[in-house]
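Close look at the chain arrangement
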Amino acid sequence: MGKVFSGAEIVFKCLEDQKVKHVFGYPGGAVLPIYDELKNHKSIKHILVRHEQGAGHAAEGYARSSRKPGVMFVTSGPGVTNAVTALTDAYMDSIPIVCISGQVPTHLIGTDAFQECDTTGITRPCTKHNWLVKDVNDLANTIHKAFEVATTGRPGPVLVDIPKDVQFKKGKYKFKKNNLNKTFNGGGNKKINSKHLDQLIKMMKQSSRPIFYTGGGVINSGPEASKLVRELVSLTGFPITSTLTGLGAYPGDDPQFLGMLGMHGTYEANNAMHDCDLMINIGARFDDRITGKVDEFSPKSKKVHIDIDPSSIGKNVKVDLSIISDAGSLLKSLTTAFKEKNKNFLNSNKQKTSNWWKKIEKWREKRSLNFINSDTVIKPQHAVKRLYELTKNKDTFITTEVGQHQMWAAQHYKFNKPNRLMTSGGLGTMGYGLPAAVGVQIANPGKLVIDIAGEASVLMTMQEMSTAAQHRLPIKIFILNNQYMGMVRQWQELLHEKNYSESYTAALPDFVKLAEAYGCVGIRATKPSELDNKIKEMIDVDKPVIFDCEVDKGENCYPMIPSGKPHNEMLLGSRDEKEEVSDEGKTLV
Amino acid sequence: MKKSKSAYSEPGKFGRSEHHIIVVWVDNETGVLARVVGLFSGRGYNIESLTVAEVDKKKHISRITIVTSGTPEVIEQIKLQLTKLIPVHKVADFKRNDPKILFKELALFKVVSSKKNQEKAKKICKKYNSIIVDKSKKSFVIQVTALRREIDKLIEVLGPLGLASTSRTGAVAMTRGSRVFK
């Protein structure tokens, strides 16, 4: 009965049945049988990276921008350990990744064989789940289950470790249809309790200072959820703010949007969070970059938390009402309720929230994102703003590295669609943006993909330019080059008496020549007057570009919730800089 | 005050710590104990004792009993985080002083001493369902089942009477009456 296949064949049959089109990876001894099989499966394209971390971030960028799981192949030992950063990054930001790793043959496991490591042991805390497959007859089931775990509930990375002998062995293949049950997060698919929904609506009706605080959960829920957020915000007339990973779910240039919140969020968003009487958190997790000191976080508000992951509830902040739900399904019920039963809510509630909006407008007048521009030197904020103005009419995908440039991108680039910003939020992985851009471009051929980068971050995964060149991916690496690890320098300035310990990068490469060495195009801008033309030149080149934008070295990222202060006492920039930070405050950045 | 320059916030106020017994039903598969224990160590939760064995041979279900302590928020997180693990079927949580729950710990004591002290030691253990499981002229091994604090006490009392070796399990727990945790 039945045909038998080699383990390697089964891997590909699984991928085909999961409709996988692209795999990011790097071959090595323990995955060779799988790589040998690649030639027989034309529907699956392999993207050879230059380092396994790059494969992981590329898979993340691919998943984030296409809403399909990112798939990667790595070999045993160093292949796996190199992938750990990317897996952890995906775990923190809830990105579905399926990592298939080779392992030394079963009989050598535990003998410290060449390129052996305890893969499932090492990746246990940075994956949703992982498997070591010792029997080829378990392989198909395991891989299908891996896809299910990665993509359901709160998404995340998974790893399937396959010893080399299992890749050779023959076994049966049967595709069990993925039933996509969302129970893998401790019951995230439970029906929404109508009592809870009624209670939420009641709270919304009673509130005179409400705010929506949305996060990556809305993006992960799919484009429908973003549509519903927009609908809900216009049905209620409430203000909305977003976390870094939630940007794009609501249009960044809409007047009801208060901008990003948190440590480098806008003055109006943070003050509104502090002073509100009702906070509705949809798909965010009260991260410490958002709350600051938890004891002083939004002291006067009733808090509602909607999350697909039950363990997110009450983890950081106590809430008054929690609803375990996918953001999209909750938003659906909520908008329906407002459309059907509470048609007049918007008008009848206008009066009640008018003072609130007046207050918000007062905060807005501070123009907290303002900076003092210059004619002689390019201000990094100005560079991001010009990049936005010159690309906003295209469907542009932005990735970032981690640091000041990341915050400037989040502040000054106005995202109008979900899945357009790919940034390492939770883990804060420098070197994320370039390989992520590779993945985004693979998933979105023909689209403009820009990595807003810092020169320090981008050097961590610069080798992936070679990947971009090989696969003809016209990604644009827009480096805000200030020759410093900017965010490190900023903290040293504010907290460590300007002792710029090791945060200045001497001997930076010539990025234009570096681009040329990779067979790409290098562009350099040094003056504000030439910036626009050079950006246009970058956009027009149909090749990978490294854009070396030489910016003001000393610029700090403001506004900023300073040390030891609550959300309603933000630092607004150079005019506040003289204010001394108290010793106690220094711990609280 | 200690001058710290951390980039993170200071700890807030801590709630009162309570003892709980967490019971976890898991698939008895490779690495499952490491997942459970790794979750505790990774998130900084406390383990006072841990008992694990397969309880359903057909379905390969193991029952893990963990005695832990933490604030009510931490205990809640432990339960929710455990529930998220793929091989975990269900998680029960009992307060240590819950009268509806039975807790037992088993201990083996080896006492090496004079006849007189041996008899004294046996007498003390009698209250705790003691069974002599081995004896020689100079020694005996006695098995007792009791509460954790009772065994702590026994160790203290048996010490001067020639207690040479102690081996004890962690706590196991079960609901009283006909009720079964679902």
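Reference entry: report on the structure contained in this document.

Conventions and cut-offs
Residues numbered from 1 in each chain as written. Chains lettered and ligands numbered in written order. Predicted model: local features only at pLDDT ≥ 70, side-chain atom pairs only at ≥ 80, totals over all residues. Heavy atoms only, no water. Phe/Tyr/Trp six-rings, centres within 6.5 Å; stacked < 30°, edge-to-face > 60°. Helix = DSSP H or I, 4+ residues; strand = E, 2+ residues; numbered from the N terminus. Buried < 20%, exposed > 50% of the residue type's maximum accessible area, 1.4 Å probe, protein only. Lys NZ or Arg CZ within 6 Å of the ring centre and 35° of its normal. Pairing = 2+ DSSP bridges. Axes fitted to C-alpha atoms, helices over the stretch in contact; angles between N-to-C directions. Contact = heavy atoms within 4.5 Å.

Quick word on the packing of aromatic side chains
This structure, assessed with the given rule, holds 16 aromatic pairs over all chains. With a centroid separation of 5.9 Å and an interplanar angle of 85 degrees, the aromatic rings of Phe12 of chain A and Phe73 of chain A are classed as edge-to-face. Of the two residues, Phe12 of chain A sits in helix α1 (residues 7–17) while Phe73 of chain A sits in strand β4 (residues 70–74), which places them 61 residues apart along the sequence. A ring pair is formed by Tyr413 of chain A and Phe415 of chain A, whose centres lie 5.0 Å apart and whose planes are at 40 degrees; its orientation type is tilted. Comparing Tyr413 of chain A with Phe415 of chain A, the two get one shared label, buried. Above the ring of Tyr484 of chain A, the side-chain terminus of Arg489 of chain A is found at 5.6 Å from the ring centroid. When the ring centre of Phe140 of chain B is taken as reference, the NZ or CZ atom of Lys122 of chain B above it lies at 5.1 Å.

Section: the sheet that holds strand β19 (residues 521–525) of chain A
Residues and elements named next belong to chain A. Strand order in the open sheet formed by six strands is β16-β15-β17-β18-β20-β19, with parallel pairing between adjacent strands. Because the sheet does not close on itself, it has two edges, and the strands there are β16 (421–422) and β19. One ladder, built from six bridges, connects strand β18 (residues 476–481) with strand β20 (residues 545–550); its direction is parallel. By the bridge assignment, Lys476 is partnered in β20 with Val545.

Brief notes about the sheet that holds strand β3 (residues 61–70) of chain B
Strands belonging to one sheet form pairs held by backbone hydrogen bonds; the direction of such a pair is parallel or antiparallel. All names here are of chain B. Across the sheet, four strands lie side by side as β2-β3-β1-β4; this open sheet has antiparallel pairing. Where the open sheet ends on each side, the last strands, each with one partner, are β2 (49–56) and β4 (88–95). Averaged over all neighbouring strand pairs, the angle between strand axes comes to 20 degrees, with direction disregarded. Two elements, strand β1 (residues 18–27) and β4, share seven bridges in a ladder whose sense is antiparallel. Bridging across to β4, Ile21 finds its partner in Phe94. Sheet strands touched by helix α1 (residues 32–42): β1, β2 and β3. Its angle to β3, the strand with the most contacts, is close to 10 degrees.

Points about the pairing of β3 of chain B
Residue and element names in this part refer to chain B. For β3, the tally of buried residues reaches ten of ten residues, placing the bulk of the element in the interior. Residue alternation in β3 divides its side chains into two sets, Ile61, Arg63, Thr65, Val67 and Ser69 and Ser62, Ile64, Ile66, Thr68 and Gly70, and both sets are buried. Of the pairings in the sheet, the one linking β1 to β3 comprises ten bridges and is antiparallel in character. The residue bridging Ile22 from the neighbouring strand is Ile66, located in β3. Between the end of β2 and the start of β3, which pair antiparallel, lie four residues, with His60 showing a positive phi angle near 55 degrees.

Points about the pairing of strand β5 (residues 101–112) of chain B
Residue and element names in this part refer to chain B. Side chains Ile101, Phe103, Glu105, Ala107, Phe109 and Val111 project from β5 onto a buried face, and the interleaved Leu102, Lys104, Leu106, Leu108, Lys110 and Val112 project onto a face without burial. Relative to strand β9 (residues 172–175), β5 runs antiparallel, the two sharing four bridges. Residue pairing for β9: Phe103 is matched across the bridge by Ala173. Two elements, β5 and strand β7 (residues 139–146), share eight bridges in a ladder whose sense is antiparallel. The residue bridging Phe109 from the neighbouring strand is Ile142, located in β7. Strand direction decides the pairing type here: β5 and strand β8 (residues 163–168), joined by five bridges, are antiparallel. The residue of β8 that forms the bridge with Lys110 is Ser165.

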